[in-house]
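Inside the fold
The chain contents come next:
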Amino acid sequence: MDEALPDRQLVLLGAGHTNAHILRMWRMQPIAGVGLTCISNFPMATYSGMLPAVLAGQVPESAMQIDLVRLCSAVGARLIVDQVTGIDRRNREIRLREFPPVPFDALSIGIGSVPTTSGVEGADEFAVKIKPMQTFLERLRGHLARVQARRGALGGAQAAGSAADRLRVVIVGGGAAGVEIACCLPGFLRAHGFESQEIAIVAHSPLGGSDLAEGTRRRLERHLERRGIGVLTGRRVVAVTRDRVCSDDGREVPADLTLWATGAVAPPELAEWDFPKDDRGFLRTDATLRVVSGDPVFVVGDTGTIDGVSIPKAGVYAVREGPVLWHNLRSMLDAGQVPASIGPGRFDPNRATQRGDARAVSVENAAERQGGPSRTGASRAGASRTGAGLDLRAYRPQRSFLKLINLGDGSAVGQWHGLSFEGRWVMRLKLKIDTRFMEKFDPGRLVMAEGAAMSCRGCGCKVGAEPLRAALAAAPRPIEDAALLESAGEHRLLASVDFFATPLADPFLAGRIAAVHACSDVLACGAQPHEVLAIAVVPEGNSLTQQRFLSDLLAGARHELERLGASIVGGHTIAGPRAEIGFSVVGRPMGTVLLTKSGLRIGDRLYLTKPLGVGVLLAAHMRAACRAEDFSALLRTMLDAQQPLIQATVRNELSAATDVTGFGLAGHLLEMLEASQVAAELDLGAIPLLSGVGSAVAAGIESTLAPANARNERAIDVEPAYRCSPQFRALFDPQTCGGYLIGVPVDREDAWLAEVHGLGYTPGRIGTVVACPDKASARMRVRGTSSLALNETR
């Protein structure tokens, strides 16, 4: 299937409730000719409504998480996890810390808000802020561990429940979130070893927030009093130290743990973005959620303020904005108001005529509100001549909404139109609403139905070993990872070539992965990559999108090659049905002796420098079945070229190595054994696996190249009971940017290990080289234990 590049780009900046709705709708109704990119600081989004239930132990942590890696894979969107450094309005680009600029034809900004600590001494250092919520539980656990460590360092046994043993907690902020945390936190603290607690709420505003009905507030006060949770309202916190919270009336509240759950302020990056802002620093929009400056930019959730509308910063409004935003983005992109042919920085709001029913808001009014002139009759007539029109709907915030406050004991307090109520049925209602909302973003419900098998990318798209070996049978000399180019004197050169279909949708990441992978053949021979020629197949598209794609692809490659001391000196490109990238790498030996496949000797220890499972996880990612945490670990592993480890291997005068790539560990080890005329014994329990591989294998997921690689089973002696284990199946898994398999003589093992450990590497010993058996015997013997443990690493 052809994979043409899209002509236009819709970018979601942030993955809050509103933008998450766009991702969901994209799976159902993608816009033709438009690519969707989501940019987030984290690979996971969180639903704040579920946090109290997680703290109380009522639901698992995963219940509050939206896995953006899986969600974007399921809907066909590109996910970029990076920090935004700026927005270029003129060129319509998002500037990022690590990735190249991302162009947009339409943009939705929804990066939320942050708790304010302005003017509070020590708050940034000693308080644990609720936001960013993606890291809150991790930071909370870290703080509790430090409290335990300090108490342990003081020494002496403390009676359980005594004042000295009690954990003193202060929650700064008395809104609904602060009350829920106070009620639900005890369960979390007990699970982390703090049986005795003393909890207090300190707030400037009334308990539960100023919009809470008095009847609801009284219910909350009774519950807090019954549980011994102190409440101090009408006070401003002025300082936080390691062991206390100080208020403006001179009071000091003891605190081993201070949680910060105050009201919302604008994220600091908004100040750097050239869009109109309100007096609090939030981005101004009209009723359609579009910025009042007329750019093709929408702002949603806490990040935006609708002119003339005063509503609290609450997630319920962001949820309701979703359908309006989706309609307006579709209208803008379907109407072609921001086509790529206009050119970057040439968007003219005067070309857009907004029309529709009474809910439509005109561009003229937007211009007037920001102090600019309204459009003239001539400009309106000009817009009419273009035949263009926008039907942008206005968002009308609800006047009231259902409030449900989790009390942490299986019950909840609710409020609807001023009426308050409570009970276990209220908590069941809350869990039902929250669960139903989160189910909308379950990638398993959005992923495409199983059809024809999806061909894997990366090394998973290689030709199998058997046809390749047969085709190369007439080669005049043994095939190594890289070819030694004969030359006079000391100027020896090694050359290798590698290319594949890009395994990821993002061209920058694809370029990085391809460069690391291509250089591994030269590094495996003990050579330093120097000059590189690039080969690229760019999908069909207009000249601007092709230029962008190729630029990002090569930028990623250069990012890695420069770290390895190599540079691109030339190359060739063609247009084709899908993206493919490869490199011809020329290198120079690091030492006098090259590392070869034929250098194994009987008694050598076999070491593997990276865990296995790349092919399995890439196949899972294609099916939206690779979790965000596993995908992050996968990327870190793939992008580690391990050049210093190879340099140490050369310095220790080892002689046998290869890179573990497309044919899997079994295939590449068999190549070494045959070239060295030896055999090997492998310890199956020592085979390291990437996190998530075990569950993927159990689900029947594998690379499309794995069955061809598994034909090597006939050369392996293994008990039938182990053949279905994840470790054994991983022996045949194709590795893109895989690790190195190194033979280490016993007399050099300690020195080599000491040096590579000092460099931060922990290669695993997986087996031993033994004498070659008779021809009827298998060249590789694999042993395990009856209780084979799953050795997964992150």
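Given the structure is predicted, the values throughout are model-derived calculations rather than measurements. (Residues numbered from 1 in each chain as written. Predicted model: local features only at pLDDT ≥ 70, side-chain atom pairs only at ≥ 80, totals over all residues. Heavy atoms only, no water.)

Attention now moves to the overall build of the protein chain. When you go through the protein chain residue by residue, the secondary structure sums to 23 helices and 39 strands. Burial statistics for the protein chain: of 794 residues in total, 54% are counted as buried. The long-range share in the protein chain, meaning contacts at least 24 apart out of those at least 6 apart in sequence, stands at 76%. Carbon and sulfur atoms form 51% of the exposed surface of the protein chain, whose accessible area is close to 33500 Å². (Helix = DSSP H or I, 4+ residues; strand = E, 2+ residues; numbered from the N terminus. Buried < 20%, exposed > 50% of the residue type's maximum accessible area, 1.4 Å probe, protein only. Contact = heavy atoms within 4.5 Å. Areas by Shrake-Rupley, 256 points an atom, 1.4 Å probe, with all protein chains shown as cover.)

The contact between helix H5 (residues 136-154) and helix H6 (residues 176-191) brings their axes to 12 Å, and the two run at 55 degrees. Here H5 lies oblique to H6, going by the angle between them. The two elements H5 and H6 meet at a crossing, and its hand is right-handed. Residues Leu-137, Leu-140, Arg-141 and Leu-144 of H5 lie in contact with H6, whose contacting residues are Leu-185, Phe-188 and Leu-189. In terms of residue class, the contact of H5 with H6 is made up of 6 nonpolar, no polar and 1 charged. (Axes fitted to C-alpha atoms, helices over the stretch in contact; angles between N-to-C directions. Parallel < 35°, antiparallel > 145°, perpendicular 65-115°, else oblique. Left-handed = near helix turned anticlockwise from the far one by under 90°. Nonpolar A, V, L, I, M, F, W, Y, C, P; charged D, E, K, R; others polar.)

Okay, unusual backbone geometry next. That bond from Lys-131 to Pro-132 is cis: its omega, 0 degrees, falls within 30 degrees of zero. Structurally, Pro-132 can be placed in the loop between strand S11 (128-129) and H5. Positive phi, normally seen in glycine, also occurs at Leu-289, with a value near 80 degrees. With respect to the helices and strands, the residue Leu-289 is situated in the loop between strand S20 (283-285) and strand S21 (297-299). Not every positive phi belongs to a glycine, and His-417 is a case in point at roughly 50 degrees. Residue position: His-417 is located in the loop between strand S24 (412-416) and strand S25 (419-423).

This part takes up a nonpolar patch on the surface. Taken together, Leu-402, Trp-416 and Ile-433 make up a surface patch of nonpolar side chains, about 260 Å² in accessible area. Within the fold, Ile-433 resides in helix H11 (residues 424-439). (Patch = residues over 30% accessible without salt bridge, like charges linked within 9 Å, V, L, I, M, F, W, Y side chains within 5 Å. Salt bridge = Lys/Arg side-chain N within 4 Å of Asp/Glu carboxyl O.)

One pass over the structure, following the stated rule, counts 8 aromatic pairs. Between Trp-26 and Trp-326, the aromatic rings sit 6.3 Å apart at their centres with planes inclined by 80 degrees, giving edge-to-face as the arrangement. You can see Trp-26 sitting in helix H1 (residues 17-28) and its partner Trp-326 sitting in helix H8 (residues 315-334), a full 300 residues away along the chain. Residues Trp-26 and Trp-326 agree in their burial class; the two are buried. (Phe/Tyr/Trp six-rings, centres within 6.5 Å; stacked < 30°, edge-to-face > 60°.)

The tally for this structure, following the rule as stated, stands at 38 salt bridges. As a salt-bridge pair, Arg-92 and Asp-105 come within 3.3 Å of each other at their nearest N and O atoms. A residue pair is termed long-range when its members are at least 10 positions apart, and Arg-92 in the loop between strand S6 (84-88) and strand S7 (93-96) and Asp-105 in the loop between strand S8 (102-103) and strand S9 (106-109) qualify at 13 residues. Owing to a relative accessible area of 5%, Arg-92 belongs among the buried residues under this scheme. Between Glu-422 and Arg-219 there is a salt bridge, with the nearest N and O atoms lying 2.7 Å from each other.

The strand order across the open sheet built from 3 strands is S15-S16-S17, with neighbouring strands paired in antiparallel fashion. At either end of the open sheet lies a strand with only one pairing partner, and these are strand S15 (237-240) and strand S17 (252-254). Taken over all neighbouring pairs, the strand axes of this sheet differ in orientation by 25 degrees on average, direction set aside. As judged from the 3 bridges shared by strand S16 (residues 244-247) and S17, these two strands associate in the antiparallel manner. Residue pairing for S17: Cys-246 is matched across the bridge by Glu-252. (Pairing = 2+ DSSP bridges.)

What follows covers the state of the cysteines. Going through the model one piece at a time under the given rule, you end up with 0 disulfides. Left unpaired, Cys-519 is separated from the closest cysteine sulfur, that of Cys-737, by 9.8 Å. The exposure class assigned to Cys-519 is buried, which follows from its relative accessible area of 1%. (Disulfide = S-S within 2.5 Å.)

Taken together, 3 strands build an open sheet; the order of strands is S23-S24-S25 and the sheet is antiparallel. Of all the strands in the sheet, just strand S23 (403-406) and S25 have a single pairing partner and so form its edges. Strand-to-strand twist across the sheet, computed as the mean angle between neighbouring axes with direction ignored, equals 15 degrees. Pairing of S23 with S24, which is carried by 4 bridges, proceeds in the antiparallel orientation. Pairing of Lys-403 across the sheet is with Gln-415, part of S24.

On to the nonpolar core, then. Judged by nonpolar contacts, the single largest core of 192 residues is most densely connected at Leu-23, Leu-55, Ile-94, Ile-109, Leu-185, Phe-583 and Leu-731. If you tally residues by element for this core, the top one is helix H14 (residues 507-524), at 10 residues. With residues near it in sequence (within four places) discarded, Leu-731 still touches Leu-612, Gly-664, Leu-665, Ala-666, Leu-682, Leu-684, Ile-687 and Val-782. Counting residues in each nonpolar core, the second largest holds 17 residues, with Leu-523, Leu-645, Val-744 and Val-756 among its members. (Core = buried A, V, L, I, M, F, W, Y, C linked by side-chain atoms within 4.5 Å.)

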